[in-house]
Amino acid sequence: MPAQRRSFTRLLAFCLASAAFAHAFVVLQQQAPILLEDASRGADTLASKELVDSTVLQSTITKDNLLKRAQDLYEIAKVSVDEWQHPTRVIGSEGHAHTLEYIAQSLESLGDYYNISTQSFPAVVGQVFESRLVLANGVPDSARAMSNTPPTPKKEPVLGKLALVHDTGCAPHDYPSDVAGAIAFIPRGTCSFGDKSALAGLAGAKAAVVYNTEPGNIAGTLGRPSPNHVPTFGISAEDAASFIEQLARGEKIDASAYIDSYVSEIKTQNVLAQTTAGDPDNCVMLGGHSDSVGAGPGINDDGSGSLTLLEVATQLTNYTVNNCVRFAWWSAEEEGLLGSDYYVSVLEEEEKAKIRLFMDYDMLASPNHAYQVYNATNDVNPLGSEELRDLYVDWYTANGHNFTFIPFDGRSDYDAFIKNGIPGGGIATGAEVIKTEEEEEMFGGQAGIAFDPCYHELCDDVSNLNLDAWVVNAKLVAHSVATYARSLNGFPKVNRQALASASPYEPRYHGSKLAM
Ligand code: DPN
Ligand code: ZN
């Protein structure tokens, strides 16, 4: 990463952090008795507004407004072109920094309807530009540099003997003395790739190769960078087999490793906005993610969700609410749900209790769309998830739209909420999965191709949006907000005391998802 961009990112992080601090300061001041007069004046203005109503809020959603926002977001993604050679809003890019600014400034322009804050957290960014592993004069087909690997020194090849590591390579004594100055050859399993790389580094290895112990390749990440990491590859069990045998027989194998990459830990930010009106002990929360992948501008994933939130947040300011509404724009979703994970991880128990439900809005305008509802049932999710699911079902049904249920399997930002006892759910329009004949009958579009053929690709631009599906879903988002902002009567309350003894969970799509 060029130093110039790094310093810009740092500057932005600083500005956002300062803005958050300034804002927190203002909030504190408003709560001080001396400013009570101001606060009550604000309340008068709110009281003169009508209570939010679903039909009315839905009627404020227009294709023009959504499209304009998508066009703006694409222009923002283009700010990254200098450095990325294409539009992107990946964390750490200027396109993402400008996305955060756009969200924060749009919210700030809404006056004092919301308390706005940003929340900084660490995330790793990295890219592998080029790599090559040579073992005994041959290049194993399956060899791939791991994500977040450091480059080889001066981005030049390192040479050494291949040194077989004992057991799983998860303890220092698994690394024999001949690892020093060599390229460590380590089996997969038990501990993370990052741990293996660091132990190899501590044993003096110049580089490391982790080989699979089950059929197939390894697409892994070293996770958080460590000064002990060495340049690290993964190879398949098939490619490794003959080398393991040769090394076990005591034969020597020459190896060379080359990686051109960068990796660094940056700060990125979630943006949050909470209505000043409404019962702060009973909040309706919803979120989308502000970041895209590096490959493209992410206008559907998740421009569509995060812009819907912004539009609904804007329209909501014309009404008052009974329950507080909290909007979140998560960062680093694409790096493994980092922003939402961080947010929930630092919530006190009593703060968790105030979030009555969390609604996830990730990909609402896929070009070959289906109307998908997360099948969040109460038997395996916090109580209330199913009521939320049924709100979506009832709305699609009442408005004459077909829908399908999709697995509520933890692949988006709702996961940290439900794992912490907060009811959750959401809707989506599909990513890489291929549309079936039956779904073509239900939703139109084309069977045999993906719901979003541009998922995580450069072509996820404005032309990738299905605007009609987007409007439908944005109205449903408005409906969900209006319904619960008006009343949570009858919406179940989670017994959080009973939860305290709940068992820990195995995350699947989180930051460490590919680490072992
Ligand atoms: N929205 C996708 C992403 O951020 O990469 C993840 C996703 C895809 C979630 C399909 C649910 C279903
Ligand atoms: Zn997404």
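Residues numbered from 1 in each chain as written. Chains lettered and ligands numbered in written order. Predicted model: local features only at pLDDT ≥ 70, side-chain atom pairs only at ≥ 80, totals over all residues. Heavy atoms only, no water.

The name recorded for the protein in an unreviewed UniProt entry is Peptide hydrolase, from Punctularia strigosozonata. Under the UniProt heading Cofactor (unreviewed entry), the note attached to the protein is "Zn(2+)". (UniProt positions renumbered as here; feature names shortened; annotations may be inferred.)

Colleague: Quick question: what am I supposed to make of the confidence of the model for the protein here?
Modeller: Interpretation of the predicted coordinates at a detailed level should be avoided for regions scoring low in pLDDT. Across the protein, the average pLDDT comes to 90, with 88% of residues at or above 70. The secondary-structure element of the protein with the lowest mean pLDDT is helix 1 (residues 3–31), recorded at 36, while helix 15 (residues 467–486) shows the highest, at 99. Ignoring residues within four places in sequence, the model shows residues 1–44, a span with pLDDT below 50, making 30 contacts including any to other chains. (pLDDT = per-residue confidence, 0-100. Helix = DSSP H or I, 4+ residues; strand = E, 2+ residues; numbered from the N terminus. Contact = heavy atoms within 4.5 Å.)

Colleague: Quick question: what am I supposed to make of the state of the cysteines here?
Modeller: Chemically, a disulfide is nothing more than a covalent bond linking the sulfur atoms of two cysteines. Taken as a whole, this structure holds 3 disulfides when the rule is applied. One disulfide in the model links C170 with C191; its S-S distance is 2.1 Å. Residues C170 and C191 are joined through a disulfide that is left-handed, its torsion about the S-S bond being -90°. In this pair, C170 is assigned in the loop between strand 4 (158–164) and strand 5 (183–187) and C191 in the loop between strand 5 and helix 7 (193–202), connecting sequence segments 21 residues apart. Look at C170 and you get partly exposed, because its relative accessible area is 24%. A relative accessible area of 10% places C191 in the buried class. (Disulfide = S-S within 2.5 Å. Buried < 20%, exposed > 50% of the residue type's maximum accessible area, 1.4 Å probe, protein only.)

Colleague: What is the right way to read the packing of helix 9 (residues 299–316) against helix 15 from this model?
Modeller: Helix packing geometry: the angle between the two helix axes and the distance between the axes. The contact between helix 9 and helix 15 brings their axes to 10 Å, and the two run at 50°. When the axis of helix 9 is compared with that of helix 15, the two are oblique. Viewed along their axes, helix 9 and helix 15 form a crossing whose handedness is right-handed. When helix 9 is examined against helix 15, the residues G303, S304, L307, T308, V312 and L316 are found in contact with a partner set consisting of W470, A474, V477, A478 and V481. Its residues assigned to classes, the contact of helix 9 with helix 15 comprises 8 nonpolar, 3 polar and no charged. (Axes fitted to C-alpha atoms, helices over the stretch in contact; angles between N-to-C directions. Parallel < 35°, antiparallel > 145°, perpendicular 65-115°, else oblique. Left-handed = near helix turned anticlockwise from the far one by under 90°. Nonpolar A, V, L, I, M, F, W, Y, C, P; charged D, E, K, R; others polar.)

Colleague: Even after reading the chapter, I still don't get the pairing of strand 9 (residues 279–289), so can you show me in this structure?
Modeller: The side chains of a regular strand alternate, residue by residue, between the two faces of the sheet. Here strand 9 lies mainly inside the structure; 8 of its 11 residues are buried. One ladder, built from 8 bridges, connects strand 9 with strand 11 (residues 323–330); its direction is parallel. Residue pairing across strands places G288 opposite W329, the latter belonging to strand 11. Bridging between strand 9 and strand 12 (residues 355–361) involves 5 bridges; their strand directions are parallel. Each bridged residue has a counterpart across the sheet, and for L286 the counterpart in strand 12 is M359. (Pairing = 2+ DSSP bridges.)

Colleague: What's the story with unusual backbone geometry in this structure? I'm lost.
Modeller: Cis peptide bonds are those with omega within 30 degrees of zero, and the linkage from D301 to D302 qualifies with -5°. Within the element layout of this structure, D302 appears in helix 9. One non-glycine residue, N137, lies in the positive phi region at around 70°. Relative to the helices and strands, N137 resides in the loop between strand 2 (114–135) and strand 3 (144–145). Notably, K154 is not glycine yet its phi reads approximately 55°, a positive angle. Positionally, K154 belongs in the loop between strand 3 and strand 4.

Colleague: Can you walk me through the coordination of the zinc ion (ligand 2) in this structure?
Modeller: Ideal geometry at a metal centre: 109.5 degrees between donors when four sit tetrahedrally, and 90 or 180 degrees when six sit octahedrally. The protein atoms that coordinate the zinc ion (ligand 2) are H289 (NE2), D301 (OD), D362 (OD) and D362 (OD), at distances of 2.0 to 2.6 Å. Seen from the zinc ion (ligand 2), its 6 donor atoms lie at angles of 53 to 166°, and the figure they make is irregular. Between consecutive donors of the zinc ion (ligand 2), the numbers of intervening residues give the motif H-x11-D-x60-D. One end of the pair, H289, is in strand 9; the other, D301, is in helix 9, with 12 residues separating them in the sequence. Take D301: its relative accessible area is 4%, and that puts it in the buried class. (Donors = N, O, S within 2.8 Å, 3.2 Å for Na, K, Ca; no water. Tetrahedral: all angles 85-135°; square planar, octahedral: opposite > 155°, others 65-115°.)

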